[in-house]
Amino acid sequence: MSDAVQTQSTPNAGFTPRVFSGIQPSGGLTLGNYLGAIKRFVQQQSKPIEQIYCVVDMHAITVWQDPEALRRQTRELTAGYLAAGIDPSSSILFNQSQVKEHAELGWLFNCVARMGWMQRMTQWKDKAGKNTQNASLGLFAYPSLMAADILVYHATEVPVGEDQKQHVELTRDIATKFNHDYGVDFFPIPEPKIEGAATRVMSLRDGSKKMSKSDPSDASRINMTDDADTIAKKIRKAKTDPEALPSEAKGLEDRPEARNLVNIYAGLADMSVDQVLAEAGGKQFSEFKPLLSELAVAKLSPISGEMSRLMQDPAEIDRILGQGADRAREIAAPVLTKTKEIIGMVG
């Protein structure tokens, strides 16, 4: 915890269990988005807990976005959620900018968060680089908005990848400081949920770098819109090493490309790394890559096909997002109203 903020002795007692998570519509969906997030969201739907999933378009504009591209990418990400199996009749699915409570609570949290907390955010350092004076204020402050995204729903669980865990920890700090400053037990202390073998999918060209839609090389990633031939070709050309696969996970240490392909197989097959290696240990990559290609095509091609179908009806996608936003506001509006009352705001 930051700056000597104290945690509650019984965090989240009395709060309704609720899941919140979101993805930026800042480019095409990749296998990393699917395995690290969306696939887990779909699996989570089987649990008897309220699910809220968001297209965080306000986060996307912390760096400039072409307006037409942003509209298309928002719909494409929504199509990805739906094609992968998110059910908008049970889960709440919407885009962030349609629910104004996110922005309002984000400002209130700007006044709770400390500059030192924000400056320690590794993603700020990575994205702003050396030219921090040229970065947008939104890029610096967006972890505070992310805290609002979570806490405006009193979410208790946040499924995230490893690279977002620090932001959930900041959310916990903000919630705890608000509760402490105003002598209330109003905001829950959300728990990050990092599960599965492929929570951080790496580049197919460099196993030390995260798979990214911003990588100049399209061969570095599998896009969720890639067809079967493209998927197979990218896996066939993925960087590996000359050694055979080991029979246990420890043997993947210092072999980032090998570890990445095994992790991808495990994530797609719903297996542990050790289970994969129990079957594939001793195989050369000339044997393992065709198995991975076959699995990837079988799992991903139906999703890409359904995404393509959905994108032909943008009005239906917009209807689903609008309906989800209405449901989201039913939860968010009372939370914001009570927050302003606690702070002392009139009206």
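As a starting point, this report considers the structure included with it. Computed from a predicted structure; not experimentally measured.

1. Some remarks on the overall build of the protein chain
Moving on, step 1. A tally of helices and strands in the protein chain yields 13 helices and five strands.
Moving on, step 2. Compactness check: the protein chain gives a C-alpha radius of gyration of 21 Å against a globular reference of 20 Å for 347 residues, within 12% of the reference.
Moving on, step 3. Projected onto its principal axes, the C-alpha coordinates of the protein chain cover approximately 70 × 45 × 45 Å.
Moving on, step 4. Expressed as a percentage of its 347 residues, the buried residues of the protein chain come to 51%.
Moving on, step 5. In the protein chain, once contacts between residues fewer than 6 apart in sequence are set aside, the share between residues at least 24 apart is 77%.
Moving on, step 6. Per element, the accessible surface of the protein chain, about 16,000 Å² overall, is 50% carbon and sulfur.

2. Remarks on helix α10 (residues 256–269)
Moving on, step 1. Under the 1.5 Å per step criterion, the end-to-end length of α10 is 20 Å for 14 residues, consistent within 8% with the ideal 20 Å.
Moving on, step 2. In terms of burial, α10 is a largely internal element, eleven of the 14 residues being buried.
Moving on, step 3. All buried positions along α10 are accounted for by Glu257, Ala258, Asn260, Leu261, Val262, Asn263, Ile264, Tyr265, Ala266, Gly267 and Leu268.
Moving on, step 4. Of the surrounding elements, those touching the buried residues of α10 are α1 (31–44), α11 (273–280) and α12 (285–311).

3. A short note on the packing of aromatic side chains
Moving on, step 1. For the structure shown, the criterion picks out ten aromatic pairs.
Moving on, step 2. When the centroid spacing of 6.2 Å and the interplanar angle of 20 degrees are considered together, the rings of Phe41 and Tyr81 count as stacked. Separated by 40 residues along the polypeptide, Phe41 in helix α1 and Tyr81 in helix α3 (residues 67–84) bring together distant segments of the chain. Tyr81 shares its class with Phe41; the two are buried.
Moving on, step 3. When the centroid spacing of 5.1 Å and the interplanar angle of 75 degrees are considered together, the rings of Phe178 and Phe187 count as edge-to-face.
Moving on, step 4. Residue classification places Phe178 among the buried residues on the basis of a relative accessible area of 1%.
Moving on, step 5. Given the relative accessible area of 0%, Phe187 is considered buried.
Moving on, step 6. Aromatic ring contacts, followed pair by pair, group Phe109, Phe178, Tyr182, Phe186 and Phe187 into a single cluster.

4. A word on the layout of surface pockets
One way to see where empty space is left: roll a probe the size of a water molecule over the atoms.
Moving on, step 1. In this model, the largest pocket occupies a volume close to 1,300 Å³.
Moving on, step 2. Looking at the largest pocket, it is lined by 45 residues, and the ones nearest its centre are Gln123, Lys127, Asp163, Gln164 and Lys210.
Moving on, step 3. Elements with a contribution of two residues or more to the lining of the largest pocket: β1 (18–23), α1, α2 (57–60), α6 (122–128), α7 (137–151) and β4 (157–159).
Moving on, step 4. Looking at which element gives the most residues to the lining of the largest pocket, the answer is α7, with five residues.
Moving on, step 5. Looking at the lining of the largest pocket residue by residue, the class counts come to 15 nonpolar, 21 polar and nine charged.
Moving on, step 6. Considered as a void within the structure, the second largest pocket measures approximately 390 Å³ in volume.

5. Remarks on the pairing of strand β3 (residues 92–95)
The two faces of the sheet receive side chains in turn, since in a regular strand these alternate between them.
Moving on, step 1. Here β3 shows a buried face lined by Ile92 and Phe94 and a second buried face lined by Leu93 and Asn95.
Moving on, step 2. Pairing of strand β2 (residues 50–55) with β3 involves four bridges; the strand directions are parallel. Paired with Val55 across the strands is Asn95, a residue of β3.

6. Describing the side chain of His167
Moving on, step 1. Secondary-structure assignment places His167 in helix α8 (residues 165–182).
Moving on, step 2. Residue classification places His167 among the buried residues on the basis of a relative accessible area of 1%.
Moving on, step 3. With sequence-adjacent residues up to four places away left out, His167 is seen in contact with Met121, Gln123, Tyr142, Pro143 and Met146.

7. Topic: helix α13 (residues 314–343)
Moving on, step 1. Here α13 is 30 residues long and its end C-alpha atoms lie 41 Å apart, about the 44 Å a rise of 1.5 Å per residue gives.
Moving on, step 2. The sharpest bend along α13 comes to roughly 35 degrees, located at Arg329.
Moving on, step 3. Phi for Gly344, located one or two positions after α13, is positive at around 110 degrees.

8. Brief notes about the pattern of salt bridges
Moving on, step 1. The full count for this structure, using the stated rule, is 17 salt bridges.
Moving on, step 2. With its nearest N and O atoms 2.8 Å apart, the salt bridge here joins Arg18 to Glu50. Note that Arg18 is positioned in strand β1 and Glu50 in strand β2, a separation of 32 residues in sequence.
Moving on, step 3. Among the ionic pairs, Glu191 bridges to Arg172, the shortest N-O distance being 3.3 Å.

9. What about the nonpolar core?
Moving on, step 1. Counting residues in each nonpolar core, the largest one holds 54 residues, and the members touching the most others are Leu31, Tyr34, Tyr81, Ile264, Leu268, Phe288 and Leu300.
Moving on, step 2. Of all the elements, α12 adds the most residues to this core, at nine residues.
Moving on, step 3. If sequence neighbours within four positions are ignored, Leu300 has contacts with Leu31, Tyr34, Ile222, Met224, Ile231 and Leu268.
Moving on, step 4. Ile52, Ile92, Leu105 and Trp117 belong to the second-largest nonpolar core, a separate cluster that totals 45 residues.

Rules behind the numbers
- Residues numbered from 1 in each chain as written.
- Predicted model: local features only at pLDDT ≥ 70, side-chain atom pairs only at ≥ 80, totals over all residues.
- Heavy atoms only, no water.
- Helix = DSSP H or I, 4+ residues; strand = E, 2+ residues; numbered from the N terminus.
- Rg over C-alpha atoms; globule rule 2.2 N^0.38 Å.
- Buried < 20%, exposed > 50% of the residue type's maximum accessible area, 1.4 Å probe, protein only.
- Contact = heavy atoms within 4.5 Å.
- Areas by Shrake-Rupley, 256 points an atom, 1.4 Å probe, with all protein chains shown as cover.
- Expected span 1.5 Å × (residues − 1).
- Phe/Tyr/Trp six-rings, centres within 6.5 Å; stacked < 30°, edge-to-face > 60°.
- 1 Å grid on protein atoms, 1.4 Å probe; cavity = no way out; pocket = protein on both sides within 12 Å on 5 of 7 lines; lining within 4 Å.
- Points joined across faces, edges and corners; volume = space filled by probe spheres on them.
- Nonpolar A, V, L, I, M, F, W, Y, C, P; charged D, E, K, R; others polar.
- Pairing = 2+ DSSP bridges.
- Bend = angle between axes of the 7 residues up to and from the residue.
- Salt bridge = Lys/Arg side-chain N within 4 Å of Asp/Glu carboxyl O.
- Core = buried A, V, L, I, M, F, W, Y, C linked by side-chain atoms within 4.5 Å.

None of the figures reported here should be taken as evidence of function without further support.
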